[in-house]
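These are the residues of each chain, in order.
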Amino acid sequence: MKLKIISFSIMALLAVMIGCKSERDFLDIGPTNVFSNEQAFSDTNLVVSVLANLYNRQLDFSTIKNWETMADFSETFPSQNGTIQDIVKRNDWGYGTWSTWDYAYIRELNLFLQRCEAAPQLPEGAKKKYMAEGRFLRANYYFEMVKRMGGVPLILEPMVYDFKGDPTYLQHARAKESDIYDFVISEADAIKMDLKADVNNKSRASRGSVLAMKCRAALYAGSIAKYGGITPQVSLPGGEVGIPASKANDYYNKALAAATEIMNGSAGAYALYAKKPDLADNFASVFYDKDLNPETIFVEDFRLKSGKVHGFSISNQPRFGAEEEEGGRLNPSLNLVQSFELLDNTFAPLPVKDGSGNPIFYTDQVDIFAGRDARLAGTVMLPGTLFKERRVDIWAGYQLANGSIISGDERGQQKTLPGGTAPVQVVGFDGPINGKEHTAQTGFYLRKYLDPKPGSGSRGTGSDLPFIRYRYAEVLLNAAEAAFELNQPAVAAGYMNQVRARAGLVTPLDAGDITLARIMHERRVELSFEGHIVFDQKRWRNAHVIWDGQAMSEADLLANIGAPDKRNTQPFGLWSYKLHDPGNPNHGKWLFKVVKSPLVTGSNRFRMGNYYSFIDDNIRSNNPKIVRQPNQD
């Protein structure tokens, strides 16, 4: 029958890889012949091959597979000329930004579950595990949909057209936003015991990953319920967008319960990564150490020589001495850098000037960053620090006694200084140089997710560093936020202090210190560049506040650090200079200047219509039951 041929073809497309039985071999799958459904579901190796394809199609945001996804929200400046630089020139986000509507993927997940359940030759134990994995992938994608789109059609079986003309029975209306969150949470509860509590199982569903998904999803739902009243216009009368405030505490309780199950060892012995004595190195290592890393819960893995590697380090390694003639694409902003706290738990701008407005001079470039949260140097490559045993050469030029600047427009350029007899280097080999690709145009490079292994910055090798989807530190912060919202601030402080102590913030917060602003800050610095910032700000209904479309002055940048309503619409930088003033005791020392690239002409504006992403007109014309998102006229 034609119907069967169509269905079989869909599953045949899935079954293109074969031969892995363990997680270690999960990515080492080569192409082979196409199999029928009966063949694909008669052998565990073939079922795992189909699963591998479904895992590889999970949706992520701000991922190492595409560095451009991290170059936004004024947390970075993109050091690439052309369209990517439109990020700092545009004034708002399109309504379709961050959208997803992949019901082909949903259908294939539903087909997998249907055929796996019906397969007579699969051992029952294996079938239960594969079914749980399929349900996890489906729930996780529905979570990715709901946090972008709000309520979507909840379809749990493969729809089949009967070729009798009228297809309206295939049309489904959008479910309530709360219904989708309830589905994700209930699926997690239903399948968690069908998966092992295996902390070494990172790239496939485990009990830990299921609970981590539930914890995050319930926290999101609770926030939307509690803070939705801030933006009452961001709702629909049918509940497709917006969650009643009365549901908030139930969701927070579920988030805290899921986190507690992970923390008490019910899913295995997860823990904060703590292998290295240098706290900045230790934090950086969380993202590349694959050797029994206790913090990672669920990752997209990569493996050298398997055909699945990525070029994130190629694009973002320090340009000077790079293994390829490129790098330095993501330049973290001073906005982000200064948000890392001092070790006494206070917020302050970096000390560029003294109380009289005169520059402060430093013997070493890194001295200006001393006494701060170790996550700063573990996240951002600071000028004068090392990567792959080479010092990053980031400095902008010489300042003369009269305040004038001598610099260059080429990396490492040389000129003769006043009073000199021979040319000397007047700008770093890593810049910064305004408008010069690959240079540290904010004065910083990115460190998080850079692979230190030899060859990782080479196209011939690439990197197998994993992309972390869920990790234990986030679980602790989720638990802290849920506890705070449930009026348990002392409990919240305990969870936050665990995360902060690893970063060298050893003066504990107490119950009176815990506010939503503190929680917002903690998530920003701990989880930066991990795909959380926009979805966190959306669920708190705070995105339109911090991205209000207004240009920023230097005074705006330096004021109210750590405040939840602090504007963050344009990325700034911090450039270091050497003083050239022979006879001055500060001659040869470093001073710093706050800068904003002339290429930054736009100001991020998050509109009310951006809280939920646009549903394509073709989707709505094909299915008139799909109601339009609010605030997008």
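Description of the structure in this document. (Residues numbered from 1 in each chain as written. Predicted model: local features only at pLDDT ≥ 70, side-chain atom pairs only at ≥ 80, totals over all residues. Heavy atoms only, no water.)

A short note on the packing of aromatic side chains
The geometry of two aromatic rings is summed up by the distance between their centres and the angle between their planes. In the structure shown here, the tally under the stated rule is 29 aromatic pairs. Summarising the aromatic geometry, the rings of Trp-395 and Tyr-398 are spaced 5.5 Å apart at their centres and angled 90 degrees between planes, so their arrangement reads as edge-to-face. Tyr-398 shares its class with Trp-395; the two are buried. For the ring pair Trp-395 and Trp-590, a centre distance of 6.1 Å and an interplane angle of 80 degrees mean the geometry is edge-to-face. On the criterion of sequence distance, the pair formed by Trp-395 in the loop between β8 (390-391) and β9 (397-400) and Trp-590 in strand β16 (residues 590-595) is long-range, its members being 195 residues apart. Across this residue pair, the class does not change: Trp-395 and Trp-590 are buried. Connected via pairs of aromatic rings, a cluster forms that spans Phe-61, Phe-73, Trp-93, Trp-98, Phe-535, Trp-547, Phe-606 and Tyr-611. We note Lys-308 situated over the ring of Phe-302; from NZ or CZ to the ring centre the distance is 5.1 Å. (Phe/Tyr/Trp six-rings, centres within 6.5 Å; stacked < 30°, edge-to-face > 60°. Buried < 20%, exposed > 50% of the residue type's maximum accessible area, 1.4 Å probe, protein only. Helix = DSSP H or I, 4+ residues; strand = E, 2+ residues; numbered from the N terminus. Lys NZ or Arg CZ within 6 Å of the ring centre and 35° of its normal.)

As for the pairing of strand β14 (residues 467-471)
Where burial is concerned, most of β14 is hidden: five out of the five residues are buried. Here strand β4 (residues 296-300) pairs with β14 via four bridges, running antiparallel. Among the inter-strand pairings, Phe-298 is bridged to a residue of β14, identified as Tyr-470. (Pairing = 2+ DSSP bridges.)

Brief notes about empty space enclosed by the protein
Inspection of every chain in the model, using the stated rule, returns six cavities of 30 Å³ or more. As a volume, the largest cavity reaches approximately 490 Å³. Around the largest cavity, the lining comprises 36 residues; the ones closest to its centre are Glu-75, Arg-524, Ile-533, Gln-537 and Asn-568. Listing elements by their share of the lining of the largest cavity, those giving two or more residues are α15 (516-526) and α16 (533-539). Ranked by the residues each element gives to the lining of the largest cavity, the list is headed by α15, at five residues. Along the lines of polarity and charge, the residues of the lining of the largest cavity split into 15 nonpolar, 13 polar and eight charged. (1 Å grid on protein atoms, 1.4 Å probe; cavity = no way out; pocket = protein on both sides within 12 Å on 5 of 7 lines; lining within 4 Å. Points joined across faces, edges and corners; volume = space filled by probe spheres on them. Nonpolar A, V, L, I, M, F, W, Y, C, P; charged D, E, K, R; others polar.)

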